[in-house]
Amino acid sequence: IPATGDPLLDGLNPPQREAVEYRGSALLIVAGAGSGKTRVLTHRVASLLRNREAWPSQILAITFTNKAAAEMRERVEDIVGEQAKGMWISTFHSACVRILRREAEQFGFTKSFTIYDSGDVRALLKRLVKEHEGDAYGLTPAAVQSRISKLKNELHDADSFRSQANISDPAERIFVEIFQDYSRRLRSANALDFDDLLAQTVFLFRAFPNVADTYRRRFRHVLVDEYQDTNHAQYQLIRELTKPVQGEQMDVGGGMVALLPEASDARASLTVVGDSDQSIYAFRGADIRNITEFERDFPGAKAILLEQNYRSSQNILDAANSVIRNNFDRKDKKLWTDQGPGESVVGFTGYSQHDEAQFIADEIDRLRGQGTNYSDIAVFYRTNSQSRALEEILIRAAVPYKIMGGTKFYDRAEIKDAIAYLVAVVNPADELAVRRILNKPKRGIGAVTETNIARFAADNDMTFREALGHADAMGLGPKIRKAIEQLDAVLQDATEILLPAEGDAPPTSVTEGLRLLLNASGYEDALRRSQDPQDEARVENLDELVAVTREFARNNPDGTIIDFLTEVALVADSDDLEDESGVVSLMTLHTAKGLEFDTVFLTGVEEDLIPHRISAGEPGGPQEERRLFYVGITRARRRLYLSLAMTRAQFGEVSSAMPSRFLQEIPAGLIEWRQSPSEMNGRGAGARSLGGGGSAARARENSWGQRPLTPKNKSSLAEFTNRVTGKVRDNGDLELTAGDRIQHDDFGEGTVDAITGQGAKRIAHVRFESAGTKKLLIKVAPITKI
Ligand code: ATP
Ligand code: MG
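So, how was this worked out
Residues numbered from 1 in each chain as written. Chains lettered and ligands numbered in written order. Predicted model: local features only at pLDDT ≥ 70, side-chain atom pairs only at ≥ 80, totals over all residues. UniProt positions renumbered as here; feature names shortened; annotations may be inferred. Helix = DSSP H or I, 4+ residues; strand = E, 2+ residues; numbered from the N terminus. Buried ≥ 20, exposed ≤ 12 C-beta atoms within 10 Å, placed from the backbone. Contact = placed C-beta atoms within 7 Å. Pairing = 2+ DSSP bridges. Axes fitted to C-alpha atoms, helices over the stretch in contact; angles between N-to-C directions. Core = buried A, V, L, I, M, F, W, Y, C linked by C-beta atoms within 7 Å. Near = placed C-beta within 6 Å. Nonpolar A, V, L, I, M, F, W, Y, C, P; charged D, E, K, R; others polar. pLDDT = per-residue confidence, 0-100. Arc of directions from axis to C-beta. Parallel < 35°, antiparallel > 145°, perpendicular 65-115°, else oblique. Left-handed = near helix turned anticlockwise from the far one by under 90°.

Naming follows an unreviewed UniProt entry, where the protein appears as DNA 3'-5' helicase of Microbacterium amylolyticum. Reading the Sequence similarities (unreviewed entry) entry of the UniProt record for the protein gives the comment "Belongs to the helicase family. UvrD subfamily."

Peer 1: Please explain the overall build of the protein as it appears in this structure.
Peer 2: Looking only at helices and strands, the protein features 30 helices and 24 strands. Taking all 786 residues of the protein together, the buried fraction comes to 44%. Taking all contacts inside the protein whose residues are at least 6 apart in sequence as the whole, residues at least 24 apart take part in 73%.

Peer 1: It is not clear to me how the sheet that holds strand S24 (residues 783–785) should be interpreted in this structure. Could you clarify?
Peer 2: Two pairing modes exist for strands in a sheet, parallel and antiparallel, and in both the strands are linked by backbone hydrogen bonds. Sheet architecture is open: five strands sit in the order S23-S22-S21-S20-S24, paired in antiparallel fashion. In this open sheet, the two strands that pair with only one neighbour each are strand S23 (772–777) and S24. With direction set aside, neighbouring strand axes in the sheet form an average angle of 40 degrees. Where strand S20 (residues 741–744) and strand S21 (residues 748–756) come together, four bridges link them in antiparallel fashion. What sits directly across from His744, in S21, is Gly748.

Peer 1: Explain the nonpolar core to me, please; I cannot follow it from the model alone.
Peer 2: Here is a general trend for soluble globular proteins: nonpolar side chains tend to be buried in one another's company. Within the largest apolar cluster, 127 residues are counted, with the highest numbers of intra-cluster contacts made by Ala61 and Leu422. Setting aside residues no more than four positions away along its own chain, Leu422 makes contact with Gly513, Leu514, Leu517, Ile561 and Leu565. Among the nonpolar cores identified, the runner-up in size contains 68 residues, and Val584, Leu589, Leu602 and Leu640 belong to it.

Peer 1: Can you help me understand the site of ligand 1 in this one?
Peer 2: The environment of ligand 1 is formed by 19 residues, the closest being Gly36, Lys37, Thr38, Arg39 and Tyr310. Looking at which element gives the most residues to the shell around ligand 1, the answer is helix H2 (residues 37–50), with three residues. In terms of residue class, the shell around ligand 1 is built from four nonpolar, 10 polar and five charged.

Peer 1: Before we go on, may I ask you to explain the confidence of the model for the protein in this structure?
Peer 2: Parts of the prediction with low pLDDT should not have their coordinates interpreted in detail. When pLDDT is averaged across the protein, the result is 85; 90% of the residues are at 70 or more. At the low end of the mean pLDDT range in the protein sits helix H29 (residues 694–701), at 40; at the high end sits strand S15 (residues 597–602), at 97. Overall, residues 678–705 carries pLDDT values under 50, and its contacts beyond four positions in sequence, including any with other chains, amount to 47 contacts. The ipTM value of the predicted complex is 0.99, and its pTM value is 0.77.

Peer 1: Which parts of the structure should I look at to understand the sheet that holds strand S16 (residues 636–645)?
Peer 2: Reading across from one edge, S13-S14-S12-S15-S16-S11-S19 is the order of the seven strands in this open sheet, with parallel pairing throughout. Of all strands in the sheet, those with a lone pairing partner are strand S13 (401–403) and strand S19 (671–675), marking the two edges. Going from strand to strand, the sheet's axes swing by 20 degrees on average, the running direction of each strand aside. Note that strand S12 (residues 377–381) and S15 share four bridges and pair parallel. Residue pairing for S15: Ala378 is matched across the bridge by Val600. Helix-sheet contacts for helix H30 (residues 711–725) involve strand S11 (345–350), S16 and S19, and the interaxial angle to S11 is about 150 degrees.

Peer 1: Can you walk me through helix H1 (residues 14–21) in this structure?
Peer 2: Structurally, the α-helix is built with 3.6 residues per turn, so residues lying three or four positions apart point the same way. Among the residues of H1, those classed as buried are Gln16, Ala19 and Val20. All buried residues of H1 lie within an arc of 100 degrees about the axis, which places them on one face of the element. On the buried face of H1, the contacting elements are strand S1 (26–31), H2 and strand S10 (302–306).

Peer 1: What is the right way to look at the packing of H2 against helix H3 (residues 66–80) in this model?
Peer 2: Two quantities define a packed helix pair, namely the angle between the axes and the distance from one axis to the other. Running from amino to carboxyl end, H2 crosses H3 at an angle of 40 degrees, the nearest separation of the two axes being 9 Å. Of the possible angle classes, the one that applies to H2 and H3 is oblique. Both H2 and H3 take part in a crossing whose hand is right-handed. Touching Thr42, Val45, Ala46, Leu49 and Arg50 of H2 are Met72, Arg75, Val76, Ile79 and Val80, all from H3. A class-by-class count of the residues in the contact of H2 with H3 yields seven nonpolar, one polar and two charged.

Peer 1: So what exactly am I meant to see when it comes to the packing of helix H9 (residues 194–207) against helix H11 (residues 232–241) here?
Peer 2: At a closest axis distance of 9 Å, the pairing of H9 and H11 adopts a crossing angle of 30 degrees. It follows from the interaxial angle that H9 and H11 lie roughly parallel. The hand of the H9/H11 crossing is left-handed. Contact with H9, carried on its side by Leu198, Ala199, Thr201, Val202 and Phe205, involves Ala233, Gln234, Gln236, Leu237 and Glu240 of H11 and no other residues of that element. Considered class by class, the residues forming the contact of H9 with H11 number six nonpolar, three polar and one charged.

Peer 1: Help me understand the pairing of S11 in this model?
Peer 2: As a general feature of sheets, a regular strand has side chains that alternate between the two faces. The buried fraction of S11 is high, at five of six residues. With five bridges connecting them, S11 and S19 associate as parallel partners. The residue of S19 that forms the bridge with Val346 is Glu672. With five bridges connecting them, S11 and S16 associate as parallel partners. Looking across to S16, one finds that Gly350 is bridged to Ala645.

Peer 1: Would you take a moment to explain unusual backbone geometry for this structure?
Peer 2: Most peptide bonds take the trans form, and the phi angle of most residues other than glycine is negative. The omega torsion of the bond from Lys440 to Pro441 falls at 0 degrees, within 30 degrees of zero and hence cis. With respect to the element layout, Pro441 can be found in the loop between helix H18 (431–438) and helix H19 (447–459). Not every positive phi belongs to a glycine, and Glu133 is a case in point at roughly 50 degrees. Here Glu133 shows up in the loop between helix H5 (118–131) and helix H6 (141–153). Residues other than glycine seldom take positive phi values, yet Glu226 does so here, at roughly 50 degrees. You can see Glu226 is positioned in the loop between strand S6 (221–224) and H11. The buried category is assigned to Glu226, around which 25 C-beta atoms lie within 10 Å.

Peer 1: Explain the pairing of S21 to me, please; I cannot follow it from the model alone.
Peer 2: Between S20 and the antiparallel strand that follows it, S21, lie three residues. Across six bridges, S21 lies against strand S22 (residues 763–768) in antiparallel orientation. The residue bridging Ile755 from the neighbouring strand is Ala764, located in S22. In textbook terms, the turn of a hairpin is the stretch between consecutive antiparallel strands, and for S21 and S22 this stretch comprises six residues, one of which, Gly757, has a positive phi near 80 degrees.

Peer 1: How should the environment of Met462 be read in this particular structure?
Peer 2: By secondary structure assignment, the location of Met462 is in the loop between H19 and helix H20 (464–467). We classify Met462 as partly exposed; it has 14 C-beta atoms within 10 Å. Along the backbone, Met462 and Ile666 are 204 residues apart, and their C-alpha atoms lie at a distance of 64 Å.

Peer 1: Even after reading the chapter, I still don't get helix H14 (residues 314–324), so can you show me in this structure?
Peer 2: In terms of residue burial, H14 counts as a mostly covered element, since eight of its 11 residues are buried. Residues of H14 that are buried make contact with S11, helix H27 (621–633), S16 and helix H28 (661–664).

Peer 1: Sorry if this is basic, but what is going on with the environment of Leu628 here?
Peer 2: Structurally, Leu628 can be placed in helix H27. For Leu628, a count of 25 C-beta atoms within 10 Å corresponds to the buried category. Sequence separation between Leu628 and Arg382 is 246 residues; the distance between their C-alpha atoms is 8.8 Å. With residues near it in sequence (within four places) discarded, Leu628 still touches Ile280, Leu589 and Ile610.

Peer 1: Help me understand the environment of Leu390, please; the structure alone is not making it clear to me.
Peer 2: As for its placement among the helices and strands, Leu390 is situated in helix H16 (residues 387–396). In this structure Leu390 comes out as buried when scored by C-beta crowding, with 26 C-beta atoms within 10 Å. The spatial distance from the C-alpha of Leu390 to the C-alpha of Thr603 is 9.7 Å, given a sequence separation of 213 residues. Leave out the neighbours within four places in its chain, and Leu390 touches Ala357, Ile360, Val379 and Leu586.

Written out as structure tokens, the structure reads:
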């Protein structure tokens, strides 16, 4: 490839260059993992800016996570400098919030609307399902939540859905009523849920062509990464944005409306990149057809294929390809690399998930010793609950780690309380927030008083929050009245700091407002006075939140409390604020999409985990799980570990596991198998070549009490390992009698002392020269007669 001297094109292969340089209305880049799709998107943005074909403000680039957005911004900044600042590089959700906050008044909200996360939604639906007695019809809050979410992603609102629902079915009628009630409550709380953010933006554009035009005129270039995971609402949003400008309507009097002439072909150019093999959000309504039918939806679209993978070694790529090949209804892709075969994929079988975690800690320790940074290492799992065992052992082994996505900081009760205090100030209509803090800390305001306040509010046509200002009129006891008055006063004081009547609040106001709320409300004090050691950690978390507000003020000199709450709501949903340098990253396979790491541990490669039990029975489920597994494998650059345990404690039960079917799809020659160190206790410490020594090894000795396995467990693990590795040992009816000499794969030579048991359960008692006496199941033990 000839060098051009252009830093945006050098370092790209010919089809990648073409994709950066193409200037047409629609461009589709489809390609397998690691082929440079995101890189091309980034260079394309940079090239538009550098060539002055676009102002930063004319670019809208959509990524799947906030982290990906930050990375792309950084890379564009590296290439074109400061001017990258004005660009919208964000997730769909953040872009929609920005639009909705600006236009909130158009659709009857105020710009300080609250964003309900899925916990808030669940809390509200719990109440509604109860009120409507939904459980009598088999409706659970979780099921209602997921159905409403699906409907919204299909761009149904409660009323449009009602008109097509089969209301003669009582369960369906109740569902529709809950849906309608839910929508009303959200509206009166001046709140939107995550799905609303997308749907309302589409509705807004459709209802107000002038508003839509504003954004069509503004965004001349729309670019979307991970297009295979867009759902219907996101797809429609892109369609709206890339329509030609409709033209201003002008009232020319006499009831006549004229359209101002505008360049009618002025439509934004659209670039989408994706890989249908990596579509993993069907369960949230992602529709793979958005990518497969792109060329039909956008006539004249140019399609570019990328086939060279730059991320992974050949062995890793081979493993990935051999798995994904088993999905039907896909176009086969030729993904290749010119990096050599690299290291073998390492497989590991442990007795328990602790064994598995211990192996990982030991390996990390060993890799560290060889100069690998923690930040180059990632550990993936299918479900969040798998992280606990890993965390326990990483903590003991003093391996710094960070959990990306999932339950963390912003899901903690004390953090949600603190945020609710802020929301109660900023959006007093948000009844859920006000109710949440009503008796936090304990003020003696119980359910009865809460109901009284709600009734007073309804009777007097005011909000719940407003009602707090009339505690004297509710006929309450003096103590409770005083408590409510105090709370009301605290909220008012905070309002003056956060939303001053005149002038803009300084950026430090967020920190000040939060501190006032936590102190004056007595919330922090109550935690400090508590004897519960957990409350100590809670105080630390609140301090951390205060630190977050300070950092926010530093990064956003013009930031308001609303900006802060927006950031929190969006970050809390997807990924973390803090940077993860110098720590091992733990995350679910879903969160791993689009990322890459030198070393990847893909854990729990077992049936019921991957493919997950829930999706196994659903149409298309196993295929989606295979794509998820493929996503996991293709994150690895140099080293890939696939690990599993033969027993796993989940939901308080220990059950035995089966190796994942996906393992068998990888040619045996690609994987080098190792097994649990504890299985090898019998061979003495010297044989533990896998263990890293150092802190991890020391930690093991006094860790979760990993006792040497019993002989029975040991032989069942050996059998399990053999099954996994395809080396199922079957000695058939090996003739053995006392006095025979045998050779054992691990223990060396020995003499048979006695034979007990019958048939397949015959056991040889063998005296080994170096390993002592062992009982072996003749049928499967790795032995030969000599
Ligand atoms: P995924 O499907 O996983 O999102 P992707 O197609 O977006 O992958 P990128 O993340 O853009 O792939 O690229 C994968 C890796 O390959 C990155 O480290 C990127 O910098 C590197 N890369 C891409 N193209 C080239 C190239 N032409 N020369 C060298 N390295 C490249
Ligand atoms: Mg990518």
